[in-house]
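Inside the fold
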Amino acid sequence: MFDPQLVLAERVQQALGSAFGSEYADADPLIRPSQFADYQSNVALSLAKRVRRSPRDVAQALVDAIKAEDVCASIEISGPGFVNLTLRDDWIAAHALRQLTDPELGIEPNTPAETVVVDYSAPNAAKEMHVGHLRTTIVGDCLARVHERLGDRVIRQNHIGDWGTQFGMLIEHLLDLGEKSTLARLAAGEGNAFYQEARAKFDADPVFAERSRRRVPLLQGGDPESLRLWQKFIDETVKYFNRVYGQLGVTLTDADLAGESMYNAMLDETCAELERLGVATMSEGALCVFPPGFTGRDDQPLPLIIRKSDGGYGYATTDMTAVRYRVRDLKADRMLYVVGADQALHFQMIFAAARQAGWLTDAASAEHIKIGMVLGADGRKFRTRSGESVQLSALLDEAVERASAVIADRDFGEADREKIARTVGMGAVKYADLSVSHDSEYVFDFDRMLALTGDTGPYLQYATTRIRSIFRKGGLDPEQARGTIEIGDPTERALALQLLGFGATVRQVGETSEPHRLCAYLYETASAYTAFYEKCQVLNTPEPVLSSRLALTALTLGVLETGLGLLGVPIPERM
Ligand code: ARG
C-alpha cells in the first residue's frame, strides 16, 4: 500500500480495536490532511460519546495503542482530541522508491476484477452530434481507460441513436436528393442540416409527409430496400463519428457500436416478459410500467411507456432491453451510463423498472453518470454565432488552429508545429471537459482552455515535456533513475508525499466516476514539482542527492504520463 492516508487508517483502526474492543475495529478512523501535521485522525471526537469518555481521554488511549513507529515520526494529541500524525521521512522515501520501481506506479488492481459496461458517446445518426456528445465521449472514454487500468473487464457500448420513426422521412429525403450526394454529405458531417431539411419538408409538404409515414412500417417490417437505404445512412454517419473519434484520440471502435437498432429483435420479448412478470400493465392502450415513487402532475403515477398504443417501441423499450442484455449476456457487475444530466428521470425510471423486473439486482449496479450541459459565452446552450448547432469536426479543427496560434512564437519546423498544435488543441478540449465535475455545466471557452498556465491541459502537457527535457539535457534515461530517494528539502518531502497518492486517486476515480479528481491531483502534482524545481537543483548536484532528485523527477514524470494517459490527454514531443 502506497497511500499514506490508507496506511495510517489501517494502523489507527487496529489501535481502535485493541483499545476499545473488537466492536470498534471497523469504525472509520477519519484520517484527514492536517494543518499542523501530515494527517490527523478525528475519530476520538466522534467516539467519545459512544464510549463515555472525554475526547482527549479517548485520543490518549488511541495514541498509546497505535503501533506505527515504522511509519510515523510523531503522534500527538492536539486541541480537543485530534490525533496529529507526522510521517517519517525515511518511510516516505522508501515508499516513493518502491512506487517508482512498481510497474503499476502504485495503482493497485481491483480485486476481484469487475465487468464494467460503459455506455458513452452515443450520438444520434439522424439528429445533431453536439458538444454534449463530445463531453459524454470524453468523460466515458476516461472512465473506460481507468477501469481497464484497474484490471476490470471493460465493455464499451456506444448506444447510438440509429432507429426510430424519423428514418421514414430521412429515407424519403435521401431518395429525393439522390443516394450518392446524400451519403457524401453524411460522411462529411452534414447530418444535422440534412435532418433539418427533411423536417422542414415534412412539415410543409403533405405528400412528402405521407410518403415518410408510409416508409416507417416498411422499414420496421424489414423491407429489404428500406433496410438497405437505412444501413447506408447509418454507415456514412458512423464514418463521420469515427472521424471525430479519430481527431480526439478516443478509444471507441466499430466493435463497440451497440446502437438502438441492435435491440430490435429483442423488444417483443422485453414486453412479453414484463407482462408475464406483472411488472407492465396496459394503460390507455399502451403497455406501461409504473415504477413506485414516480409521480407527475396531480400526483398521478408516472408511466414508463414500453409499447405505445400504436404498437411502436421507443427509447424506454430499448433501454429496458439494454439493461437486461447487459446483465444477462454481458454479465455486467457495474453499468455506467455516461449521458446528459437532462435524462436523469428517464434513467431513474428505467433502473427502478428493471429492479422491479428482477433484471437489476444487488449483484449488479447501474449508475447514471450525469453530464452537465456545455454552454456558450452567453450562458446558453453552446451554438455557433449564427445560432445553429456546431459541427463537431469543425470545432475540433478550430481548437487546433487556435492551439497553433498559442505556440506561434516557438521555433518548431512546419511539420512539428502542425503535430504539436493538434496534440495541444485536443488536449485542451479534453482536459476542459474532464477537469470540472461531470455534472456541472461549464462555459466552452477556447481562450481559457488553451491557456498555458493554470489548471489546463496545455499547462500539464507543458509541465510534462519540461520534465522530459531535464533528462534530455542531462543525457539521461528516466528508466535508469531509480537508485535511491532521500528526503532533504521540505519541497522534496511535499512532492514525494503528493506522488504517493497517485494510486489511491486513480482508484477513487474508478469508484466515484469522477475524472476531475484525477485532473486536480495531476495539477497539484505538477505544482509540487514546480515548487521543488524552483528550490532544488536537479542536474548539477553531487551524488547521492543527484540520484535521489532524478528518481523523484522520474517518478513525477511517470505519474504525469500515466495520469494524462488515463485522461486520454495526449502529450506532445516538445512544446
Ligand atoms: N442517443 C442518446 C442521446 O443523444 C443517448 C443514449 C444514451 N444511452 C442510453 N442507453 N440511453 O441523447
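Refer to the structure above for everything that follows.
The notes below deal with the structure included here. Just so we're clear, the structure is a prediction, and the values are computed from it rather than from any experiment. (Residues numbered from 1 in each chain as written. Predicted model: local features only at pLDDT ≥ 70, side-chain atom pairs only at ≥ 80, totals over all residues. Heavy atoms only, no water.)

1. Concerning unusual backbone geometry
- Each neighbour pair has its own omega, and for Thr111 with Pro112 the value is -10°, a cis peptide bond.
- In this fold, Pro112 is placed in the loop between helix H4 (89-101) and strand S5 (115-119).
- For the peptide bond that leads from Glu543 to Pro544, omega is 0°, which places it in the cis range.
- With respect to the helices and strands, the residue Pro544 is situated in the loop between helix H20 (515-535) and helix H21 (545-567).
- Positive phi, close to 60°, is recorded for Ser513, a residue that is not glycine.
- By secondary structure assignment, the location of Ser513 is in the loop between helix H19 (502-512) and H20. (Helix = DSSP H or I, 4+ residues; strand = E, 2+ residues; numbered from the N terminus.)

2. Some points on the site of the ligand
- Around the ligand, a shell composed of Asp119, Ala122, Asn124, His133, His159, Tyr315, Asp319, Tyr337, Val339, Gln343 and Phe347 is seen.
- Asn124 places a side-chain nitrogen or oxygen 2.7 Å from a nitrogen atom of the ligand.
- The contact in question runs from an oxygen atom of the ligand to an N or O atom on the side chain of Gln343, over 2.7 Å.
- When the ligand sits alone it has 350 Å² of accessible area, and the protein chains cover 90% of it. (Near = heavy atom within 4 Å. Polar contact = N/O pair within 3.5 Å; in protein donor to acceptor, adjacent residues only side chain to side chain. Areas by Shrake-Rupley, 256 points an atom, 1.4 Å probe, with all protein chains shown as cover.)

3. A look at empty space enclosed by the protein
- The tally for this structure, following the rule as stated, stands at one cavity of 30 Å³ or more.
- Contributing to the lining of the largest cavity are 15 residues, with Met129, Gly189, Gly191, Asn192 and Tyr240 lying nearest its centre.
- Elements represented by at least two residues in the lining of the largest cavity include exactly helix H8 (191-204) and helix H10 (224-248). (1 Å grid on protein atoms, 1.4 Å probe; cavity = no way out; pocket = protein on both sides within 12 Å on 5 of 7 lines; lining within 4 Å. Points joined across faces, edges and corners; volume = space filled by probe spheres on them.)

4. Some details on the environment of Ile75
- Looking at the secondary structure, you find Ile75 in strand S3 (residues 72-78).
- Ile75 sits in the partly exposed class, given a relative accessible area of 22%.
- The spatial distance from the C-alpha of Ile75 to the C-alpha of Ile155 is 46 Å, given a sequence separation of 80 residues.
- If we ignore the near neighbours within four places in the chain, the residues touching Ile75 are Val63, Ile66, Ala68, Val83, Asn84 and Leu85. (Buried < 20%, exposed > 50% of the residue type's maximum accessible area, 1.4 Å probe, protein only. Contact = heavy atoms within 4.5 Å.)

5. What about the layout of surface pockets?
- If you add up the space inside the largest pocket, you get close to 1200 Å³.
- Around the largest pocket, the lining comprises 47 residues; the ones closest to its centre are Asn124, Lys127, Glu260, Tyr315 and Gln343.
- Mapped onto the lining of the largest pocket, the elements with two or more residues apiece are helix H5 (131-149), helix H9 (206-220), helix H11 (267-276), helix H12 (315-328) and strand S10 (334-340).
- The element that contributes the greatest number of residues to the lining of the largest pocket is H5, accounting for four residues.
- Taken together, the residues of the lining of the largest pocket sort by class into 15 nonpolar, 21 polar and 11 charged. (Nonpolar A, V, L, I, M, F, W, Y, C, P; charged D, E, K, R; others polar.)

6. Remarks on the sheet that holds S10
- Overall, parallel pairing links the four strands, which are arranged S6-S5-S10-S11 in an open sheet. Across the chains shown, the open sheet's two edge strands, defined by having one partner strand only, are strand S6 (153-157) and strand S11 (365-371). Taking the axes of each pair of neighbouring strands and ignoring which way they run, one obtains an average angle of 20° across the sheet.
- Relative to S6, S5 is paired through five bridges, and the arrangement is parallel. Looking at the pairing, Asp119 lines up with Gln157 of S6. (Pairing = 2+ DSSP bridges. Axes fitted to C-alpha atoms, helices over the stretch in contact; angles between N-to-C directions.)

7. Thoughts on the packing of aromatic side chains
- Per the stated rule, a full pass over the model turns up 14 aromatic pairs.
- On the numbers, 5.7 Å between centres and 75° between planes, the contact of Tyr459 with Tyr523 is edge-to-face. Within this pair, whereas Tyr459 is found in helix H17 (residues 457-473), its partner Tyr523 is found in helix H20, the two being separated by 64 residues in sequence.
- What makes Tyr459 buried here is its relative accessible area of 13%.
- Following the ring pairs from residue to residue traces out a cluster consisting of Phe167, Phe194 and Phe233. (Phe/Tyr/Trp six-rings, centres within 6.5 Å; stacked < 30°, edge-to-face > 60°.)

8. Comments concerning the environment of Glu114
- Looking at the secondary structure, you find Glu114 in the loop between H4 and S5.
- Given the relative accessible area of 28%, Glu114 is considered partly exposed.
- Sequence separation between Glu114 and Arg153 is 39 residues; the distance between their C-alpha atoms is 6.0 Å.
- Setting aside residues up to four positions removed in sequence, Glu114 forms contacts with Asp152, Arg153, Asp333 and Arg334.

9. Some remarks on the pattern of salt bridges
- Per the stated rule, a full pass over the model turns up 35 salt bridges.
- Here Glu179 makes a salt bridge to Arg228, at a shortest N to O gap of 3.0 Å. Here Arg228 lies in helix H10 and Glu179 lies in helix H7 (residues 179-187), a separation of 49 residues in the sequence.
- Judged by relative accessible area, which is 29%, Glu179 ranks as partly exposed.
- Relative accessible area serves as the criterion here: at 34%, Arg228 is assigned to the partly exposed category.
- In this structure, Arg324 and Glu273 form a salt bridge, with 3.1 Å as the shortest nitrogen-oxygen distance. Of this pair, Arg324 sits in helix H12 while Glu273 sits in helix H11, and the two are 51 residues apart along the sequence. (Salt bridge = Lys/Arg side-chain N within 4 Å of Asp/Glu carboxyl O.)

10. Here we look at the pairing of S10
- Within S10, seven of the seven residues are buried, which leaves it mostly tucked inside the rest of the structure.
- Here S5 pairs with S10 via four bridges, running parallel. Pairing of Val116 across the sheet is with Arg334, part of S10.
- Strand direction decides the pairing type here: S10 and S11, joined by seven bridges, are parallel. Bridge assignment links Val339 to a residue of S11, and that residue is Lys370.

Keep in mind these values describe shape, not function.
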